[in-house]
Structures are given as structure tokens and as C-alpha cells.
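The primary structure of each chain is shown beneath.
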Amino acid sequence: DLYDTYTSEILESRSALSDSVLTRLILHPERLVITGAEAVTLGLTDLTLDWGELRDRLSSGGEFHSVSPVRYARAPLPSAADEVAVVFAEGTIGYGSRDDNLWNNGDGVASENFVRQLRELREDDGVKTVVLRVNSPGGSALASDIILQELKRLKLKKPVVVSMGNVAASGGYYISCAASQIIAQPNTITGSIGVVSVIPSAQGLYEKLGARVETVEKGKWAQFFRLDRDFSPEHEAVLGEYMKGIYDEFLGHVGAGRGLSGEQLSAAADGRVWSGKQALDLGLVDELGGMEAALDKACELAEVERGRIRIEHYPKATGWMEFLMDRLDGAAFSWQVSLFETETDRDLHQAVQYLTDFYQRRDFVQTLMPLDIP
């Protein structure tokens, strides 16, 4: 499906290029690269010009004027009272706040920060509609649900349109399913309505080393996630029941948000992955298109004029100093890891490892799909 979309869009935009030639170039090429002149002959390009010839062609004999990206970005926008907020959900979805994690370098979607941003937009009367740009493979089931509930509250006050990027799978689709409208690209990896839990086991390694862990515990499941023991059938049943509850809740949100029957949900769920085109046929999205289509739809639903809006992006772009400090913080984390790997102070090393494990193991059931598990 991805290949068909790729080739059909090329053929639609390049009238001089035939289907047979494109197929041959992709599937049965004679060489790795071709010359510019050959590209013109085949219909891949229109002309071969060096930069000086291109400048002359663009200026039509007059003076050539160009605008740098920096100047373009700084150009004043026309004043407008109505704002459309574009909120980016990029990367893995995690529980809590970025400030909670000692090692966080600002990547991904932290539920607490994200919900705070959505709440501010809901309470801002100047914001008429919200476009949620989702590019996420999912993450924490708990964090995804927290974000979804806040998006539902936001939708009660103003339209919410989801624009899907490269991937909106599992938790990425979880936070999208209740939107007023969902728009995906034809090749967007969509859906993966399912739950997966990955629990590591090192029992074989402990046995090979002749090592063991001794504990004093009270409570049947006090040591449920012990690394030195394989999961028993009883463990698997307990975790499976918990995961089924999350999966059923996921299905309920999708069914309610998309108006799908149980039969339609069964055809689309079970962790299966779809392209945007397939998701459209299954009712998981409303139409195909990019950010411009999402902005048009958001303005239509909010009944505001497309040409008279102000588009603001969230989270706000950081200044150069803040950007530099974030990068230094990320570099410092790498240095810390390297230092602690060779740290001779055993108590300090164990304390750091405990903190790291604590932050990483706050939510065991994940909705990060697809996974390639051997």
C-alpha cells in the first residue's frame, strides 16, 4: 500500500514519466545513479541548469532577489484576533512531568506538561480551535488516557482536529480517537489498537552465574516483577487480565470517538497496523491530507475565516540560550552514565541505579506498538 501511494503520487505529478519507466527504475534499475540529462529524458526532471542559469531564469533578465529562511521566519504576520493553536505530540508518550525525571532531555510527550498546555488553551478565549499534530508510536497507557481525558474536555469548548504525521499508532492513536475530525496522510502508520507488556527476565543468566537473590517479603505479589525469576503461568494470567482491562478501555474510547460498532472495531483492532488509506476505509480517520487540510477543517468547524487567523505553535519554541542549555543537559547525562559505569563508590552507584529504575518502572503496561519480538 505504501509503494502504491508512492508511485501513484509521482505519476500524478510527472506527466512525462510513464508507469512502465518508473517501475523499471525502482524494481529493475540498470545503475545505482543516473545523470541529470538522463533524468530529463526519462521524465523525472524538466531541465538541467547550473545555479547561474537558474538565477537568470528566475529573474527573467532583471535583478535576482532572494529571502533567507531566517528573514522569512521573522517577517511580521498580519494581525488577527482569532488564533488557531497547533499542538505537537512528538515522540514516545510518558507518564508524569519532564521536571520529575532527573535524566530527561525534553524529548517525547510528558503527560503532565502536555495536559497543562491543553488546559491553558481550553481556558484561552482567544484560541478558537486546536489542531493536534500527532507523530507518536505510543508509550504509557496511563499517560495516554490522561491526555485523552483532557482532550475530551477541550473538545467540549472548541473543535479539536487531529493531523497525523509519519506515525499515530497505539498510544498515538489513543489520544487522537476522540477528536472532532481526524486527518491522516495516505502513508501514515495508523491504528495499532492494542496493548503490549514487555517484562524482562534474567533467570537463565542468574543460573549461569550461580547467583541468587534473597528477599524478605510479605504479600503474594510483593515481588511480582523480580528480574531473577521467569514468569509463571499464574503471573501471566494476572498480567493478562490487567492488560485486557486496558485493551477493553482502549476499544471503548475508539468506539465512542469514531462511532464504530463492535464488528467494525474487531476488524480494525487487535494491534494491527494500517496505512492512512486503509484506516480511512476502516473508519479510523475521516479524510486524507496534511497540515493544510487540518487547518482548513479546524477553521470550518470553528466558523472562522481561514485567511484571517493567527497560527501559533505549541510547545513554544525555545530561545537559543535555552536550546543550548538543553543540549548541554543531554550531554551531561551521557557523561554521568559513562562516569557511573566506572564508579568505584558502590553505594553511590547503587543509589543512582535505584533512582533510574524508579523513574523507568513507574508504569509497566505499555501501548507501544508495533514491536518486532523474536
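Residues numbered from 1 in each chain as written. Predicted model: local features only at pLDDT ≥ 70, side-chain atom pairs only at ≥ 80, totals over all residues. Heavy atoms only, no water.

## Side note on the packing of aromatic side chains
The following threshold applies: For Phe, Tyr and Trp, rings pair up if their centres lie within 6.5 Å, where Trp contributes its six-membered ring, and each pair is then called stacked (planes under 30 degrees apart), edge-to-face (over 60) or tilted (otherwise). Burial classes follow relative accessibility: with a 1.4 Å probe on protein chains only, a residue under 20% of its type's maximum area counts as buried, one over 50% as exposed, and anything between as partly exposed.
Enumeration according to the criterion identifies five aromatic pairs in this entry. Judged by centre distance (5.4 Å) and plane angle (70°), the rings of Trp-221 and Phe-224 are edge-to-face. According to the relative accessible area criterion, Phe-224 is buried, its value standing at 9%. With a centroid separation of 5.3 Å and an interplanar angle of 80°, the aromatic rings of Phe-224 and Phe-231 are classed as edge-to-face.

## A short note on helix α10 (residues 233–258)
Rule in force here: Secondary structure elements are taken from DSSP: a helix is a run of H or I of four residues or more, a strand is a run of E of two residues or more, and numbering for both begins at the N terminus. Any helix carries an expected span of 1.5 Å times its number of residues minus one. Every residue pair with non-hydrogen atoms within 4.5 Å of one another is taken to be in contact.
Taking 1.5 Å of rise per residue, the 26 residues of α10 would be expected to cover 38 Å, and the 36 Å separating its terminal C-alpha atoms lies within 8% of that figure. Looking only at α10, the buried set comprises His-235, Leu-239, Met-243, Ile-246, Tyr-247, Phe-250, Leu-251, His-253, Val-254, Gly-255 and Arg-258. Looking at the buried residues of α10, the elements they touch are α7 (141–157), α8 (171–174), β6 (181–184) and α11 (262–268). Just past α10, the residue Gly-259 takes up positive phi, approximately 65°.

## Quick word on the pairing of strand β1 (residues 82–90)
For clarity, the cut-off: Note on pairing: two strands pair once DSSP finds at least 2 bridges between them.
Alignment of β1 against strand β10 (residues 309–314), held across six bridges, turns out to be parallel. Paired with Val-84 across the bridge in β10 is Ile-311. Note: β1 against strand β4 (residues 127–136), eight bridges, orientation parallel. Counterpart to Val-86 in the pairing with β4 is Val-131.

## Structural notes on a nonpolar patch on the surface
Heads up, the rule is: Within this analysis, patches are made of residues with over 30% relative accessible area and no salt bridge. Like charges are joined at 9 Å or less; nonpolar side chains (Val, Leu, Ile, Met, Phe, Trp, Tyr) at 5 Å or less. Here the Shrake-Rupley method, with its probe set to 1.4 Å, supplies the accessible areas, and only the displayed protein chains count as covering residues. Between Lys or Arg on one side and Asp or Glu on the other, a salt bridge is scored when a side-chain nitrogen of the former is within 4 Å of a carboxyl oxygen of the latter.
Taken together, Leu-47, Leu-49, Trp-51, Leu-54 and Leu-58 make up a surface patch of nonpolar side chains, about 490 Å² in accessible area. Relative to the helices and strands, Trp-51 resides in helix α4 (residues 51–59).

## Here we look at the side chain of Glu-150
Inspection of the secondary structure puts Glu-150 in helix α7. Relative accessible area serves as the criterion here: at 2%, Glu-150 is assigned to the buried category. In this structure Glu-150 touches Val-115, Leu-118, Arg-119 and Arg-122, once residues within four positions along its chain are discounted.

## Some words on the pattern of salt bridges
Enumeration according to the criterion identifies 19 salt bridges in this entry. The partner of Arg-153 in a salt bridge is Glu-150, with the nearest N and O atoms 2.9 Å apart. Within this pair, Arg-153 and its partner Glu-150 are both found in helix α7, separated by three residues, close to a single helical turn. We note a salt bridge from Asp-270 to Arg-272, for which the minimum N-O separation is 3.7 Å. A relative accessible area of 55% means that Asp-270 is categorised as exposed. Each of Glu-83, Arg-310 and Glu-312 takes part in salt bridges that share partners, so that together they form one network.

## Observations regarding the confidence of the model for the protein chain
This is how the line gets drawn: One number per residue, pLDDT, summarises how confident the predictor is, and it ranges from 0 to 100.
On average, residues of the protein chain score 85 in pLDDT, and 81% of them reach the 70 mark or higher. Every residue in residues 361–374 is under pLDDT 50, and counting partners more than four places away or in other chains gives 46 contacts.

## Details of the pairing of β4
Formally: Throughout, right-handed denotes a crossover for which the path from the first strand over the helix to the second runs clockwise when the strands point away from the viewer.
Among the 10 residues that make up β4, nine are buried, leaving the element largely enclosed by the rest of the structure. Once you follow β4 into α7 and on to strand β5 (residues 160–169), the crossover reads as right-handed.

## Digging into the packing of helix α6 (residues 111–123) against α7
Applied cut-off: Axis lines are fitted through C-alpha atoms, for helices just across the contact stretch, and the angle between N-to-C directions can take any value from 0 to 180 degrees. Roughly parallel means an angle under 35 degrees; roughly antiparallel means over 145; roughly perpendicular covers 65 to 115; every other angle is labelled oblique.
Running from N to C, α6 and α7 cross one another at 5°; their axes reach a closest spacing of 10 Å. Put simply, α6 runs roughly parallel to α7. Where α6 abuts α7, its residues Ser-111, Phe-114, Val-115, Leu-118, Arg-119, Leu-121, Arg-122 and Glu-123 lie against Ala-143, Ile-146, Ile-147, Glu-150, Leu-151, Arg-153, Leu-154 and Lys-157.

## Quick notes on the packing of helix α1 (residues 2–13) against helix α2 (residues 19–27)
Packed helix pairs are characterised by how far apart their axes lie and by the angle those axes make with each other. We apply this condition: Handedness of each helix crossing follows the sense of rotation of the near helix against the far helix: counterclockwise by less than a right angle gives left-handed, clockwise gives right-handed. Basically, the charged four are Asp, Glu, Lys and Arg, the nonpolar ten are Ala, Val, Leu, Ile, Met, Phe, Trp, Tyr, Cys and Pro, and anything else, Gly included, counts as polar.
With their axes 11 Å apart at the nearest point, α1 and α2 run at an angle of 130° to one another. The angle between α1 and α2 places the two elements in the oblique class. Between α1 and α2 lies a crossing whose hand is right-handed. Counting all contacts with α1, which are made through Tyr-3, Tyr-6, Thr-7, Ile-10 and Leu-11, the residues of α2 involved are Asp-19, Leu-22, Thr-23, Ile-26 and Leu-27. Grouping the constituent residues of the contact of α1 with α2 by class yields seven nonpolar, two polar and one charged.

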